[in-house]
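# Results of the structural survey
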Amino acid sequence: MIDQFLSKKRNLYLMVAFVIFIESLSTAMLKVAGQYPTMSFQFCLFYVISVGIFGVDAICWQLMLERMPLGTAYMRKGGTYVLFFFWAVVLFHETITVQNIIGMGIIILGMVVSMSDDH
């Protein structure tokens, strides 16, 4: 069933987007865990959530790599860094600087350029 779903290029790129999203979410949960005292219930809860999400990410990433060239897949991972800024603002109320925005622009530009040579 998964093979049939991922055999369509559109679905494969949906999987890429899903992997990028859950990887960034896993990292955000680690930061949430770090806001609590080490080994407290809340710390352990968010740490376990993060590891669980990262486990799903690893399985999806492997399924994706079976069907996509490694270079193509890794060029899409830049989207994770853009989502980190989203989580920083939404979950942690951090501010984004002009330098952050310029950096995100460079990452997005690199992803767009790499997609123009897509297989």
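Here's what I pulled together on the structure shown here. (Residues numbered from 1 in each chain as written. Predicted model: local features only at pLDDT ≥ 70, side-chain atom pairs only at ≥ 80, totals over all residues. Heavy atoms only, no water.)

## Some thoughts on the packing of helix 2 (residues 9-33) against helix 5 (residues 78-90)
- Their axes nearest at 9 Å, the elements helix 2 and helix 5 cross at an angle of 45°. The pairing of helix 2 with helix 5 is recorded here as oblique in orientation. You can see that helix 2 and helix 5 cross each other, and the crossing is right-handed. For the pair helix 2 and helix 5, contact is made by Ile20, Phe21, Glu23, Ser24, Leu25, Thr27 and Ala28 and by Gly79, Thr80, Leu83, Phe84 and Trp87, respectively.
- Among the residues making up the contact of helix 2 with helix 5, the classes are represented as seven nonpolar, four polar and one charged. (Axes fitted to C-alpha atoms, helices over the stretch in contact; angles between N-to-C directions. Helix = DSSP H or I, 4+ residues; strand = E, 2+ residues; numbered from the N terminus. Parallel < 35°, antiparallel > 145°, perpendicular 65-115°, else oblique. Left-handed = near helix turned anticlockwise from the far one by under 90°. Contact = heavy atoms within 4.5 Å. Nonpolar A, V, L, I, M, F, W, Y, C, P; charged D, E, K, R; others polar.)

## Examining the pattern of salt bridges
- Scanning all chains against the criterion turns up three salt bridges.
- In this structure, the salt-bridge partner of lysine 77 is glutamate 23, at a minimum N-O distance of 2.3 Å. A residue pair is termed long-range when its members are at least 10 positions apart, and lysine 77 in the loop between helix 4 (70-76) and helix 5 and glutamate 23 in helix 2 qualify at 54 residues.
- For lysine 77, a relative accessible area of 15% translates into the label buried.
- Residue glutamate 94 pairs with lysine 31 through a salt bridge whose shortest N-O separation is 3.3 Å. Residue glutamate 94 is found in the loop between helix 5 and helix 6 (98-115), and its partner lysine 31 is found in helix 2; the two are separated by 63 residues along the sequence.
- Overall, lysine 31 belongs to the partly exposed group, its relative accessible area being 40%. (Salt bridge = Lys/Arg side-chain N within 4 Å of Asp/Glu carboxyl O. Buried < 20%, exposed > 50% of the residue type's maximum accessible area, 1.4 Å probe, protein only.)

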